[in-house]
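Structural characterization, general
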Amino acid sequence: MFKRARIAAKSATRRSTFARRVVTAALIAVCLLPVVAGSAETRDPLLAYGARIIGDDARTRIVIDFDREPRFSVHYIANPERIVVDLPATAFGFPAKDLTARGLFKDIRYGKMDEESARIVLTTARPVKLALAKVQPDEAGKGHRLVLEAEMIDKQAFAELVKTQSWKDQAEAAQTTSAIPAPEKTAPGDIVIAVDAGHGGIDTGAVGVDTKTEEKQVTLAFAKALTDRLNKEPGIKAFLTREDDEFLSLSQRVLIARQNHAGLFISLHADTLKQKDIRGSTVYTISDKASDKLAADLAERENLSDQIAGKETVTEPPEVADILLDLTRRETQAFSISLAESVLNSFRDQVGTINNPHRHAGFRVLQAPDVPSILLELGFLSNADDEKLLLDETWRGKIADLLTDAVKRYRTGVMANGG
């Protein structure tokens, strides 16, 4: 296995050079993109302090109250049909129940994208268009209102809207490369670890059954604790893929790991299940075929992260996807499995796990062709007992210690075999 690792390292170096060239081109493309209405503002974030929605399955109106005039832009995305409203940095201060989906909309998400922008994603029940999208002053002088009035249209008309709009979500994988968090300076023999806090920004992830704590908060707290603990060990340099409540697409997370020459990628999650009695940790590795239905369902949900945030799905040519999956299988899958087994050995008799705790499925966030990767479900926010542990700082520290031990054993095994 480790002989294959040395061969993989050589081929990974060649691919890394190619990847850097691709990224450079993508960055140039981003620099050439036009500035849209939702670009950065130098002022404090807008405050969206009120919202309401009325209407039926033919026409639906949304009104959002802001403390001052918001600039915005509107885009349409297909598969599934969505309307995306981009805003400058915005704090959403109204109760979530005030913007519960109804009428033409079956799901409404809103939240932060990065430090300079926010987004509202309206997933539609049928093809629609905005017959009205405007900002008007509040009659009482309390700021401004954003008024969005949607009406149903046919599929052909919606497809034409998507086709003719000027905005395209190009080069999204390079959008955050200018602010990639870099690990501390490394020395020969150091192992670099990307610690990925799942979800973030507009993608809140799961919600706790009792406290209603959002998964994105749980994963970031664990990621910070784990990174701090790993960086206390000689020969280990860890960094966060995101350091605050920011949305990162799945491809951005992979790109950040690869650009920082990560030797391991650990993605942290805390999902929910319909079966409230299921609890415990699970470690997932990538595979083109899911080990079971639970793994398949989880991968499907996690792979929807980009869709939730209103990202346009970019389909790679089939031959490219096949090559990437084949490289992953041949060159890094054995190492990913080795890391997963090391984690479960550390957890044994220390941390509760579900039955068959090592599972696999087609997680897009684990698809780096040259970085051994695992997705760790810390526990389930749908289980009250798990939720208590996930919010406990002492338990968080215990998990960080156990994961660090697992990484140390993994690194020792690789080094002993010349990796």
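Description of the structure in this document. Just so it is clear, the structure is predicted and the values come from calculations on it, not from any experiment.

Let's talk about the pairing of strand 8 (residues 128–137)
Where strand 8 meets strand 9 (residues 144–152), nine bridges bridge the pair, whose relative direction is antiparallel. The partner of Lys-134 across the bridge, within strand 9, is Val-147. Between strand 8 and strand 9, which pair antiparallel one after the other, the connecting turn spans six residues, and Gly-141 there sits at a positive phi close to 75°.

Some remarks on the pairing of strand 11 (residues 236–240)
Counting buried positions along strand 11 gives five out of five residues, so the element sits mostly inside the fold. What you see with strand 11 is no split at all: Ile-236, Ala-238 and Leu-240 on one side and Lys-237 and Phe-239 on the other are buried throughout. Two elements, strand 10 (residues 191–197) and strand 11, share five bridges in a ladder whose sense is parallel. Looking across to strand 11, one finds that Ala-194 is bridged to Phe-239.

Description of the nonpolar core
Across soluble globular proteins, nonpolar side chains have a tendency to be buried as a group. Of all hydrophobic cores here, the largest spans 40 residues; its most connected members are Ile-193, Val-195 and Leu-268. Looking at which element gives the most residues to this core, the answer is helix 9 (residues 393–416), with nine residues. Excluding residues within four positions of it along the chain, Leu-268 makes contact with Val-195, Asp-196, Ala-197, Gly-198, Thr-219, Phe-222, Ala-223, Leu-226, Leu-376 and Leu-378. Membership of the second largest hydrophobic core comes to 28 residues, among which are Ala-48, Ile-64, Ile-83 and Ala-150.

What to know about the packing of aromatic side chains
Under the definition given, this model contains six aromatic pairs. Aromatic pair Phe-222 and Trp-395: ring centres 5.9 Å apart, planes at 80°, arrangement edge-to-face. Here Trp-395 lies in helix 9 and Phe-222 lies in helix 3 (residues 215–230), a separation of 173 residues in the sequence. Taken together through their ring pairs, the aromatic side chains of Phe-92, Phe-94 and Tyr-110 make up a single cluster. Here Arg-396 stacks its cationic end above the ring of Phe-222, 5.6 Å away from the centre of that ring.

What about empty space enclosed by the protein?
Counted under the stated rule, the structure contains two cavities of 30 Å³ or more. The computed volume of the largest cavity comes to approximately 90 Å³. Along the wall of the largest cavity there are 15 residues; nearest its centre are Leu-250, His-269, Glu-302, Ser-305 and Val-365. The set of elements that each furnish at least two residues to the lining of the largest cavity consists of helix 4 (250–259) and strand 12 (264–269).

Overview of the pattern of salt bridges
According to the stated counting rule, one finds 27 salt bridges in the structure shown. The salt bridge involving Arg-229 is made with Asp-401; its shortest N-O contact spans 2.7 Å. Here Arg-229 is found in helix 3, whereas its partner Asp-401 is found in helix 9, with 172 residues between them in sequence. The partner of Lys-408 in a salt bridge is Glu-233, with the nearest N and O atoms 3.4 Å apart. Residue Lys-408 is located in helix 9, and its partner Glu-233 is located in the loop between helix 3 and strand 11; the two are separated by 175 residues in the primary sequence. Classification of Glu-233 as buried rests on a relative accessible area of 15%. Through salt bridges with shared partners, a single ionic network connects Arg-52, Asp-65, Asp-138, Glu-139 and Arg-145.

Considering the sheet that holds strand 6 (residues 105–114)
Ordered in space as 3-4-7-6, the four strands form an open sheet in which the pairing is antiparallel. Each end of this open sheet is capped by a strand with a single partner; those strands are strand 3 (73–77) and strand 6. Adjacent strand axes in the sheet meet at a mean angle of 20°, parallel and antiparallel pairs treated alike. Looking at chain direction, strand 3 and strand 4 (residues 82–88) are connected through five bridges and run antiparallel.

Points about unusual backbone geometry
Here the bond from Asn-79 into Pro-80 is cis, since omega is -5°, no more than 30 degrees from zero. Relative to the assigned elements, Pro-80 resides in the loop between strand 3 and strand 4. A positive phi angle, close to 65°, is found at Lys-212, a residue other than glycine. With respect to the element layout, Lys-212 can be found in the loop between strand 10 and helix 3. Lys-212 gets classed as exposed once you look at its relative accessible area, which sits at 54%.

Description of the packing of helix 3 against helix 9
Contact geometry for helix 3 and helix 9: axes closest at 9 Å, N-to-C directions at 50°. Here helix 3 is positioned oblique relative to helix 9, judged by the angle of their axes. As helix 3 runs across helix 9, the sense of the crossing is right-handed. Along the contact surface, helix 3 presents Ala-221, Phe-222, Ala-225, Leu-226, Arg-229 and Leu-230, while helix 9 presents Trp-395, Arg-396, Ile-399, Ala-400, Asp-401, Leu-403, Thr-404 and Val-407. For the contact of helix 3 with helix 9, the residue count by class is ten nonpolar, one polar and three charged.

Side note on the sheet that holds strand 8
By definition, the strands of a sheet pair up through backbone hydrogen bonds, in either a parallel or an antiparallel sense. Strand order in this open sheet of five strands is 5-1-2-9-8, and the pairing throughout is mixed. With partners counted over all chains shown, the strands left at the sheet margins are strand 5 (90–92) and strand 8, one partner each. Each strand of the sheet is rotated relative to its neighbour by a mean of 25°, with strand direction disregarded. Sheet analysis places strand 1 (residues 46–55) next to strand 5, joined by three bridges and oriented parallel. If you follow Leu-47 over to strand 5, its bridge partner there is Ala-91.

What counts, and at which threshold
The residue count restarts for each chain, going from 1 along the sequence in the order it is written. Selection of residues for local features in this predicted model requires a pLDDT of at least 70, selection of side-chain atom pairs for listing and counting requires 80 or more, and totals for whole chains, interfaces and linings are taken over all residues. Note: side-chain values were computed over all heavy atoms of the structure, leaving out hydrogens and water. Criterion used throughout: strands pair if DSSP finds at least two bridges between them. Only DSSP runs of H or I covering at least 4 residues are called helices, and only runs of E covering at least 2 are called strands; the numbering of each starts at the N terminus. Partly exposed residues are those whose accessible area sits between 20% and 50% of the maximum for their type, while under 20% is buried and over 50% is exposed, using a 1.4 Å probe and protein chains only. In this description, a nonpolar core means a group of buried Ala, Val, Leu, Ile, Met, Phe, Trp, Tyr and Cys residues linked to one another through side-chain atoms lying within 4.5 Å. Here, two residues are considered to be in contact whenever any of their heavy atoms come within 4.5 Å of each other. To pair, rings of Phe, Tyr and Trp, with the six-membered ring standing in for Trp, must have centres within 6.5 Å; the planes then decide the type, stacked if under 30 degrees apart, edge-to-face if over 60, and tilted in the middle. Whether a charge sits over a ring depends on NZ of Lys or CZ of Arg being within 6 Å of the ring centre and within 35 degrees of the ring normal. The pocket and cavity definitions rest on a 1 Å grid over protein atoms only: a 1.4 Å probe that fits but cannot leave marks a cavity, an open set with protein on both sides within 12 Å along at least five of seven lines marks a pocket, and residues lining either have an atom within 4 Å of a point. Grid points are joined across faces, edges and corners, and a volume is the space filled by probe spheres set on the points. Salt bridge criterion: a side-chain nitrogen from Lys or Arg within 4 Å of a carboxyl oxygen from Asp or Glu. Axes here refer to lines fitted to C-alpha atoms; in helices the fit is confined to the stretch in contact. Angles between the N-to-C directions go from 0 to 180 degrees. Here roughly perpendicular refers to angles of 65 to 115 degrees, roughly parallel to angles under 35, roughly antiparallel to angles over 145, and oblique to all remaining angles. The crossing is said to be left-handed when, going from far helix to near helix, the turn is anticlockwise and less than a right angle, and right-handed when the turn is clockwise. Only Asp, Glu, Lys and Arg are considered charged in this grouping, and only Ala, Val, Leu, Ile, Met, Phe, Trp, Tyr, Cys and Pro are considered nonpolar; every other residue, Gly among them, is considered polar.

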